[in-house]
Every structure is written in structure tokens, then in C-alpha cells.
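# Topology and contacts: notes
This is what each chain is made of:
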Amino acid sequence: MSEEQPINTHTIAVLVDNEAGVLARVIGLFSGRGYNIDSLTVAEVNEDEHMSRITIVTTATPQVINQIKAQLQRLVPVHRVVDLTVETDSVERELALVKVAGKGNDRVEALRMSEAFRARVIDATPESFVFEITGNTAKIDAFIGLMVPLGLQEVSRTGVAAIARGPERM
Amino acid sequence: MSEKLTGAQIVLKALKDQGVGHIFGYPGGAVLPIYDEIFQQEDVEHILVRHEQGATHAAEGYARSTGKCGVVLVTSGPGATNAVTGLTDALMDSIPMVCITGQVATHLIGNDAFQEADTVGITRPCTKHNYLVKSVDDLARIIHEAFHVATSGRPGPVVIDIPKDIQFALGKYVKPETVRHKTYQPQIKGDMEAIKQAVDLIAGAKKPLFYTGGGVINSGPKASQLLREFVKLTGFPITSTLMGLGSYPSADAQWLGMLGMHGTYEANLAMHDCDVMINIGARFDDRITGLLEKFAPNSKKIHIDIDPSSINKNVMVDVGIVGDVAHVLEDMLRVYKSRSSEPDKAAMKKWWAEIEGWRARKCLAYTPDKKSIKPQYAVERLYELTKGKDTYITTEVGQHQMWAAQYYRFEDPNRWMTSGGLGTMGYGIPAAVGVQVAHPKSLVIDIAGEASVQMTMQELSTAVQYRLPIKIFILNNEYMGMVRQWQELLHGGRYSSSYSEALPDFVKLAEAYGATGIRAESPDELDDAIKKMIATDGPVIFDCIVTKDENCFPMIPSGAAHNEMLLADDQGLDVEVSDAGKAMV
Ligand SMILES: Cc1ncc(C[n+]2csc(CCOP(=O)(O)OP(=O)(O)O)c2C)c(N)n1
Ligand SMILES: [Mg+2]
């Protein structure tokens, strides 16, 4: 059965009424049914209609992915569920703030890397930088990996925001 | 211009406009304004239970026997937490229920106020939906919405948490008709392409089987009617889950009995061997499928369900149809009739011959006893002596529940109330209270176990207060029989804490409550005692002393396949159960 199925990562966009407890419902659904959450972001995207968009990155077998979508759809305040990975060609971005501390050569190297990754310096002291970097998850992972030996202190990431390409709206 | 009403008045007006005749509840500080309004009107009758769990099960019994929404009213904090079991029960069994909970005043929420509990937090995973009312102007809309959500689609419980200040505040009332939910719109009609595909499979089947569940009953009487028509038209065999009993008449020759862990030999083997399975409103629960890898291995599967998440959840199917059973069956029947071809007669003859062979095994036969009342015999006699009467059966949870399902026979839907999904001991008495409130003149019997009834026995006091002549028919084996049976099977006969020690004298207990107590200890006095129970014009506890160590057969041990079931005349219970099987509940 499910053991033979491959495990894939999907990005799912969920449009919900921005009402109290709606995020708890979504998170409770994932924890209660044992689904993975790799990343989750949420913010109001339509002020007039009080709608929020939740973007969830999850990893599971196709059968479980279908379950996740059906279970999300079942929540009363959910308007729409779109599997951006399957149903659309989509773009994904994440933003990270990366703090690196160091002196001498490491500091120069960190700055050089940040330029290669098009990260911006948004805070600097004589012995530290805070970089702002935007990109897909793999790019950010790569950048953080490179910073580890150069004095990586801490990271704050937004999680994935994603949207379908082309003119259509969700 | 509509005048302004208090929140509490809005609650009562909304209930009335929703056609609510009865609510089951228990008062407390956080709902006093609502109780004050109840006191001043006559449209909605309040039934005072003895424990909030009782209110929820009573509402379930009411709902299941009428098809209407059950309504509960409890106070904040402990009132709400006591309701959690019944909410979960209703969620698992898809029973429509609206539960109004009081909450501390809005400005106190989050301050650990007296009798404050995070009710929406606690009940989020055990309700279909829940609301915390933040403004009195939302209240009427929320109540109407709650009824819509609870009763439509796959039914379930909905909680409305109302802070006390909102019950006092003045606000506008809106009528039910004006409320339409923004997002919640369940799919009722099935997809015609899928229906045609299903009919193709059905028409070409050689070993077909209908497998029906609670969804048929939830869909309403028309669904049962259409099911009967379809089954007759095809000539196919039919089995049902515990939840679906009554949707097809058990007296009919095409009926194979219940399937699953304690289902009949013929139903389970037909399930195992079928080539086309027509699942109507059932959800491939683990009590039904047993070991998934060996579940009906050679079948094409059709699944009709109103809940899209039920399809392909446990078992991958070939044709999934999302929709309401009655609507889908209506379309299916039409498509089926429009085809000229009949089912393959020769194949059907062969299939039925096979089934008759399994039937001949007489899997429900048991060894009668002259001295001690066999529990199976007790249920058989109860059935024979109540047959043809206007009877409703509820149960507790355990062996007696399975014997009731096996030996009592149901001809119609909505006559059988049992806690299927959650398996809640203590369900039967309050559920019987709810059924009897809805059907004051009918014969309502809780087929019970002596351990289960002690969980909600206090509801007998409710029955006495409201003159509800429920009959509590206890199969008293002095054991938590089902636990004992599993210990015998899986734990070397070490009966750890499964003996019902220090039992009360149930006859005296009945009398203490102002009810009637009857006891039967031997088979020869059973019939007269049952007749006396039926003739008693008030609540009865019937203490039926049965064989203590009887096991419930047939049984599919956990982790086994349908064709590996145990029968009563097999040699004892010494089967090999795999470690994976032991880990299953
Ligand atoms: C609230 C609750 N607690 C525990 C259980 C586990 N359980 C299932 S059946 C059973 C024994 C029931 O005993 P009794 O009511 O005497 O019924 P019998 O099996 O003897 O017919 C128990 C403890 C349960 N189902 N519900
Ligand atoms: Mg017992």
C-alpha cells in the first residue's frame, strides 16, 4: 500500500476566512492526523473580504497528499485549496534574515558570498552582518550552509510564499 | 424595524425558528440568562439530565431516531468539558448536533476566571465546527449557520460558545432564511460520469456485494427505500456495517447480516471474495476491513460518500462518487434501468450457491444451556417478544452490543442507536432517554452490559422525572466481557481488572430511583420476565443474569483477514495473533 508509494513535497495554497481560530484549525488538522508541515505561512491577503492565504509545504505519498487536500477542504472556513505543485506551474519564494559574526578573512568571505547570492546587508557592526536573502528554499539552504563555517549565529526565515504563474487568479 | 432582543432571547427565538422542540441540558452560572428565557416560554422543552455527557448522548439518540438535529445546552468550564465525550461520539458517528455552551464574560476570557475553559480550543478537534460568539449581533446568524453545518453534508456536532455578557446584551435578530454560508456548500449530486462508470462495473459483476453504512441512514428514509429497490432489482447480496443496520430489512433473503470484526461468516467471506464492491455510505473503518493488505483483494471498488475525504482514505477505490446517498442512488437506478442488459444470471447463480454454502455454516449458532441464560438466547428472546412492536434499540459497548447487532433484527432505519466509531460505554441509557423523548409511545430498550450502565446510570433519574418508560436490559455477565474475551485471546487469560466486582443489586437500584427492577436467572423464567418488562408502564432495569464466560463469535482477530475468522465451534481461542495484530485495538 502506501509504503510502496513515493514521497513528494507539495506546496498547497489555502484561502480561508480570516476569523479567530482558523490557523489553529489548520495546524490542529495536521498534528491530529499526523501529517508533516515543512513550512507554513499565513497573512491576510484580501482586506475587504477578510480572507487570509495559508501556504503549506508538506511531504507525503500521493494518497496522503490527496487526503490532506480533502481534509483541508472539509474545514468550514476554507474557501479554496490548490495544490500548486500539481495543479499549476508556480513560483516560490522565501525570505531569510541571516546573522553572521566574524573578523578578518571570514568576514570578507561572508560579504563576498552574499554578493554572489544577491543577499543584502541590512545591519552591520565591526564584527557582524545581518543579511537579507530572498529566493527559493534550496537557494536559502545553500546560502546558510555556506555561512556556517564563516560564523553563522542565527537565522530567521519566513517560510515559503507561492503563487501560480500566468494571469489567472486562484 | 425589528426590535432589539437580549442574547438569551435570540437563542430561544433562533431555536424555535429552527423547529427545535426539545433540548437536553444542565444549568450553571454561565448559562443562567438562557435558562431564564427557557423558563418564560413553552415552545422549546428542556430536559434536565444528570450529567452533561448524558445530555450529549440523549441528543444523539434523539437525532438518530428522528433524523433531526439534537440540541444540547451546558454551562462553561466543567459543563463543557463533560460534553466532550458526546461531541466526539457524534463526530465519529456523523450525528447532527448543536451544543450551546456558556462562557465567562468576554472581558474575563483568558484570565483563568472561575469556570473558564478554552471551550473552542478543547472542542476544535471533536466538532465539525465551532464558534465563539464575539458580538451579540452575530449570534442569530451563528446559530442558524450552526444548524446548517450540523445537519447538511456529512452531519456532525457544532459548538456555539456564548459568553455571559453576550447573553445579556441587546442585539438584532435575523431569520434562518437570510443566512447563507459563504464557503460551506457540500456536494449533493454525484458526478454523472462516475455514476455511469459505476453502473458499468455493476452490470458486469460476477460476484458483486453491496456494503452499506450509516450514510444510508443519515441520508434519510428515501435512501433506504432506493437502496431496497436497487438491491431487489440487481438480485445482489447485501451486508452492512454496525452503523447501517436497518437500512435494509434483515428478514430479506438477500441480506447476509452485518460484516466486520464480529460480522457473519457469509458477509465477511462474500466481502473477501467479491469482484465488485458497492460501498454506499460506509467508510472502510478498521473494524470492517481487518488487515488492509488482505482486504477484498480481487475486487473493483465503488464508493459513494458525501465526504470527499472518506474516499481513498484507507482503501483506494476504482470509482469514487461524492454525493448524498439518496441523490446518487436515484441517478444510479435511472442509469441502471436504462441499460437493457441484466446481470449475468449464470454467474449470479454460482455466486449465490457459494454464499449459501457459507450460510450453511450457521455461524451464529451457539450451544444452548438449560440452566444458565446464554446472552445470545436472551437477545433472541427479546427480539421474538418485541417483534412487530414499535421498538427502538440502543446499546452500551461490549459483547452485549455485538450480540444485539447479531441477534436482534432490524427491518427499518433509525431504529438502532449504538456508539459505533468511538465505542462509548455509557451511551445507551442517555441515548434511550433521547429516543423516548422523541417517541413517547414507543418501546425503547437499551441492551446493556453491567459495567457500561454504571457509567451513566444516573440518567435513570432523568427517565423517572420525565416519565420516560425506557427499559434497560442488562446482560449481566459480571465481567467487562469484551475486555475479558481479549484477555483470553491475547493475554494468556490474565483477567486484569476486568471482573465487575462489588456490583450493585440492580433490582434494588431501580427501586431506589423510583423505577421497576426485574431479574431473570434461568432460561425458563426469561420469557415471562421480558413480557413483564414490556408491560411495565415506566422505566425498568432488567437484570438478566447470563453465562459469565461466553465469548462473542464470529470474530476476526486483529490483524487477520476476512477469511481467517474464528467461529464458535473452533477449538477455543488459541490462535496465533501476529505482533502487529496485537498492537491493534
Ligand atoms: C468509556 C469507555 N471506557 C472503556 C472502554 C473499553 N471497553 C470496551 S468494552 C468494555 C467492557 C464492557 O463491559 P460490559 O458493559 O459489562 O459489557 P460486556 O462486554 O460484558 O457485554 C470496556 C471496558 C470503552 N469502550 N468505553
Ligand atoms: Mg459485562
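Residues and elements named next belong to chain B. One can describe the packing of helix 15 (residues 375-386) onto helix 22 (residues 523-535) by two numbers: an axis separation of 10 Å at closest approach and a directional angle of 45°. The pairing of helix 15 with helix 22 is recorded here as oblique in orientation. The interaxial crossing formed by helix 15 with helix 22 has right-handed handedness. For the pair helix 15 and helix 22, contact is made by Y377, A378, R381, L382, L385 and T386 and by P523, L526, D527, I530, K531, M533 and I534, respectively. The residue makeup of the contact of helix 15 with helix 22, split by class, is 9 nonpolar, 1 polar and 3 charged.

Next up on the list: the domain arrangement of chain A. All names here are of chain A. What the domain assignment lists for chain A is domain 1 (8-83) and domain 2 (91-162). The distance between the C-alpha centroids of domain 1 and domain 2 comes to 29 Å. On the side of domain 2, 6 residues touch domain 1, which itself brings 7 residues to the contact. Buried surface at the junction of domain 1 and domain 2, summed over both partners, amounts to about 420 Å²; 46% is from carbon and sulfur atoms. For domain 1, the biggest contributors to the area lost against domain 2 are T11, T41 and T55; these three give 63% of the whole. Inspection of the region where domain 1 meets domain 2 yields 0 salt bridges. In this structure, the connection of domain 1 to domain 2 is made through 4 residue pairs in polar contact (both at pLDDT 80 or more). Elements supplying a minimum of two residues to the side of domain 1 that touches domain 2: strand 2 (39-46) and strand 3 (51-60). Partitioned by chemical class, the residues of the side of domain 1 that touches domain 2 number 2 nonpolar, 4 polar and 1 charged.

Turning our eyes to something else, we now look at a negative patch on the surface. Where like charges cluster on the molecular surface, the negative patch consists of A:E44, A:E47, A:D48 and A:E49. Here A:E47 shows up in the loop between strand 2 and strand 3.

The next subject is the nonpolar core. All names here are of chain B. Ranked by size, the top nonpolar core spans 106 residues in total, and within it I321, M332, F473 and F542 carry the most contacts. Here this core gets 8 residues from one element, more than from any other, and that element is helix 13 (residues 325-338). F473 has contacts with A378, L382, I445, D446, I447, A448, I530, M533, F542 and C544, leaving out every residue within four places of it along the chain. If you look at the next biggest cluster of nonpolar residues, it comprises 40 residues, including A59, Y392, Y427 and V453.

In many reports, interface size means the accessible area that the parts give up when they come together. Opposite the 19 residues of chain B that make contact, chain A presents 16 residues. The interface formed by chain B and chain A includes 2 salt bridges. B:K182 is the salt-bridge partner of A:D17, the closest N and O atoms lying 3.3 Å from each other. At the surface where chain B touches chain A, the tally comes to 9 residue pairs in polar contact (both at pLDDT 80 or more). Residues of the side of chain B that touches chain A, tallied by class, amount to 5 nonpolar, 7 polar and 7 charged.

A word on the sheet that holds strand 1 (residues 8-17) of chain A. All names here are of chain A. Spatial ordering of the open sheet is given by 2-3-1-4, a layout of 4 strands whose pairing is antiparallel. Each of the sheet's edge strands pairs with one partner strand only, and the pair in question is strand 2 and strand 4 (78-83). Taking the axes of each pair of neighbouring strands and ignoring which way they run, one obtains an average angle of 20° across the sheet. Inspection of the sheet shows strand 2 paired to strand 3 by 7 bridges, in the antiparallel sense. Opposite L40, over in strand 3, you have I56 as the bridge partner.

The next point concerns the site of ligand 1. Residues and elements named next belong to chain B. Close contacts around ligand 1 come from 17 residues, with Q399, G423, S452, Y479 and G481 the closest. Between an oxygen atom of ligand 1 and a side-chain N or O atom of H400, the distance comes to 2.9 Å. Here M425 contributes a backbone N or O atom positioned 3.4 Å from a nitrogen atom of ligand 1. Here ligand 1 has 590 Å² of accessible area as a free molecule, and 76% of this is covered by the chains. Secondary-structure elements contributing two or more residues to the shell around ligand 1 are helix 16 (399-407) and helix 20 (481-490). By residue number, the principal contributor to the shell around ligand 1 is helix 20, which donates 3 residues. A per-class count over the shell around ligand 1 returns 8 nonpolar, 8 polar and 1 charged.

What follows deals with the packing of aromatic side chains. Per the stated rule, a full pass over the model turns up 18 aromatic pairs over all chains. A ring pair is formed by B:F210 and B:F236, whose centres lie 5.9 Å apart and whose planes are at 40°; its orientation type is tilted. Pair noted here: B:F210 is in strand 9 (residues 208-212) and B:F236 is in the loop between helix 10 (221-234) and strand 10 (238-240), with a separation of 26 residues, a long-range link. Of the two residues, B:F210 and B:F236, both sit in the buried class. With a centroid separation of 5.0 Å and an interplanar angle of 50°, the aromatic rings of B:F410 and B:W416 are classed as tilted. Pair check on accessibility: B:F410 and B:W416 agree, each one buried. Three or more aromatic residues joined by ring pairs form one cluster here, namely A:F117, A:F129, A:F131 and A:F143.

Rules used throughout
- Residues numbered from 1 in each chain as written.
- Chains lettered and ligands numbered in written order.
- Predicted model: local features only at pLDDT ≥ 70, side-chain atom pairs only at ≥ 80, totals over all residues.
- Heavy atoms only, no water.
- Axes fitted to C-alpha atoms, helices over the stretch in contact; angles between N-to-C directions.
- Helix = DSSP H or I, 4+ residues; strand = E, 2+ residues; numbered from the N terminus.
- Parallel < 35°, antiparallel > 145°, perpendicular 65-115°, else oblique.
- Left-handed = near helix turned anticlockwise from the far one by under 90°.
- Contact = heavy atoms within 4.5 Å.
- Nonpolar A, V, L, I, M, F, W, Y, C, P; charged D, E, K, R; others polar.
- Domains from an automatic or database assignment.
- Buried area = accessible area lost by both parts, 1.4 Å probe.
- Salt bridge = Lys/Arg side-chain N within 4 Å of Asp/Glu carboxyl O.
- Polar contact = N/O pair within 3.5 Å; in protein donor to acceptor, adjacent residues only side chain to side chain.
- Patch = residues over 30% accessible without salt bridge, like charges linked within 9 Å, V, L, I, M, F, W, Y side chains within 5 Å.
- Areas by Shrake-Rupley, 256 points an atom, 1.4 Å probe, with all protein chains shown as cover.
- Lys, Arg positive; Asp, Glu negative; His and termini not counted.
- Charge placed at Lys NZ, Arg CZ, Asp CG, Glu CD.
- Core = buried A, V, L, I, M, F, W, Y, C linked by side-chain atoms within 4.5 Å.
- Buried < 20%, exposed > 50% of the residue type's maximum accessible area, 1.4 Å probe, protein only.
- Pairing = 2+ DSSP bridges.
- Near = heavy atom within 4 Å.
- Phe/Tyr/Trp six-rings, centres within 6.5 Å; stacked < 30°, edge-to-face > 60°.

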